[in-house]
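Examination of the molecular architecture
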Amino acid sequence: MGLFNRSAAGQTTPPMSVTLERGAMTFFAETIGETNPIHFDIAAARAAGHPDIMATATYAVVVGTMAGKALLRRGDPDQLALIGADTRYLLHGTESYAYHGAMFAGDTVTVETEVAGFADAKGGKLEIATLIQRITHPDRGLLVEARRDLIHRLDQGAA
Amino acid sequence: MSITPHTATIGDTLPPLTFGPISRTALALYAGASGDHNPIHIDTDFARKAGMDDVFAHGMLSMAQLGRLVTDWAGQENVTSLSTRFSAITPVGATLTCTGEVTETLTHDGAPHLRLRLSVTLADGTQTLKGDALVRIPQGD
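Residues numbered from 1 in each chain as written. Chains lettered and ligands numbered in written order. Predicted model: local features only at pLDDT ≥ 70, side-chain atom pairs only at ≥ 80, totals over all residues.

**A short note on the overall build of chain B**
For chain B, the count of helices and strands is three helices and five strands. Each helix and strand of chain B, placed in order from N terminus to C terminus, yields the pattern β-α-α-α-β-β-β-β. Counting only C-alpha atoms, chain B reaches 55 × 30 × 20 Å along its principal axes. Burial analysis of chain B (141 residues in total) assigns 35% to the buried set. At a minimum sequence separation of 6, the contacts of chain B that also span at least 24 residues come to 64%. (Helix = DSSP H or I, 4+ residues; strand = E, 2+ residues; numbered from the N terminus. Buried ≥ 20, exposed ≤ 12 C-beta atoms within 10 Å, placed from the backbone. Contact = placed C-beta atoms within 7 Å.)

**What to know about the packing of helix α1 (residues 22-31) of chain A against helix α1 (residues 24-34) of chain B**
In a packed pair of helices, the relevant descriptors are the angle between the two axes and the axis-to-axis distance. At a closest axis distance of 9 Å, the pairing of α1 of chain A and α1 of chain B adopts a crossing angle of 150 degrees. What the angle tells us is that α1 of chain A and α1 of chain B run roughly antiparallel. Here α1 of chain A runs over α1 of chain B; the crossing is left-handed. Here α1 of chain A contributes F27, F28 and T31 of chain A to the contact with α1 of chain B, which in turn contributes L29, Y30, A33 and S34 of chain B. When grouped by side-chain class, the residues that make up the contact of α1 of chain A with α1 of chain B number five nonpolar, two polar and no charged. (Axes fitted to C-alpha atoms, helices over the stretch in contact; angles between N-to-C directions. Parallel < 35°, antiparallel > 145°, perpendicular 65-115°, else oblique. Left-handed = near helix turned anticlockwise from the far one by under 90°. Nonpolar A, V, L, I, M, F, W, Y, C, P; charged D, E, K, R; others polar.)

**Comments concerning helix α3 (residues 59-73) of chain A**
All names here are of chain A. Relative to the 21 Å expected for 15 residues at 1.5 Å per residue, α3 spans 21 Å between its end C-alpha atoms, a close match to the ideal helical length. Across the 15 residues of α3, 11 count as buried, placing the element largely inside the fold. Residues of α3 that are buried: Y59, A60, V61, V62, V63, G64, T65, M66, A67, G68 and L71. In the stretch just after α3, G75 is the one whose phi turns positive, near 95 degrees. (Expected span 1.5 Å × (residues − 1).)

**A closer look at unusual backbone geometry**
Cis geometry is found at the peptide bond from G20 of chain B to P21 of chain B, where omega equals 0 degrees. Within the secondary structure, P21 of chain B is located in the loop between β1 (17-19) and α1. Of note, the phi angle at K122 of chain A is positive, near 55 degrees, even though the residue is not glycine. Topologically, K122 of chain A is positioned in the loop between β3 (108-121) and β4 (126-137). A count of 12 C-beta atoms within 10 Å places K122 of chain A in the exposed class. The phi dihedral of D109 of chain B falls on the positive side, at around 50 degrees, and the residue is not glycine. Relative to the helices and strands, D109 of chain B is located in the loop between β3 (96-108) and β4 (111-121).

**Considerations on the nonpolar core**
Within the largest apolar cluster, 67 residues are counted, with the highest numbers of intra-cluster contacts made by V63 of chain A together with L66 and V70 of chain B. Here the element with the most residues in this core is helix α3 (residues 59-74) of chain B; it accounts for nine residues. Apart from the residues lying within four places of it in its own chain, the contact partners of V70 of chain B are A57 of chain A together with V79, L82, G100, L116, A133 and V135 of chain B. Counting 12 residues, the second-largest nonpolar core is a separate cluster that includes F4, A8, L82 and I151 of chain A. (Core = buried A, V, L, I, M, F, W, Y, C linked by C-beta atoms within 7 Å.)

Listed below in structure tokens is the structure:
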């Protein structure tokens, strides 16, 4: 038997607004070792023709997590709560981004996460939840569509 | 002379990127910077209770390195997609080697693109991430 809440298939988290903050984006860029200054230096970003520092390639996952925390704070489930994820047994299977537009510091974007479905793998030793997360800007439209598979390992003493 | 998206042909490889060794401090900082506070990456007691030998690195910290590999080469504005599959856990102390190879030229949404095959490996040869990216070849400059 799996651990995910499979009745969540087809459900979508409520839309949540997130404002991208320059300091947080700079901290993230430094932590991953980013060396391109358009991601942490406003002067370099503006010299390159950008309105502010640009989000790095994987910052979409951070924006998604921020939206999730905001949902939890107001009493709504985030993507992990929606699917019933148990962090003791949770692994990240896949992560994919389709980029439609850049995200910049100062942007306020809207995040929605859809539970695309569930699957079993490895003879029942693994179960997989597939999530699709869309980050949209009120004027510039869809910026990033993220797709991720989260996995429960069910052979390590899981109840 | 290093290759660019303009000059690249199938079989060409991107300048490789290394990252690490990944310390426990790096995992704590990544947890804070990313908002991913899953204790399996930062709390050894929790990891052991969950049946692991130790904490292990966030897969997304490795994917961030593939992002750097591709965007340093092609520019973020030219990256159409970036995908990875996490195939093995990255232990504390690991040093990552990130590589990319041009595998295809194609047209995507009416624009010329390159497909890159991406990989992250540990010093012992274990492949921890396998990935794929589509990079738009800039036109007219």
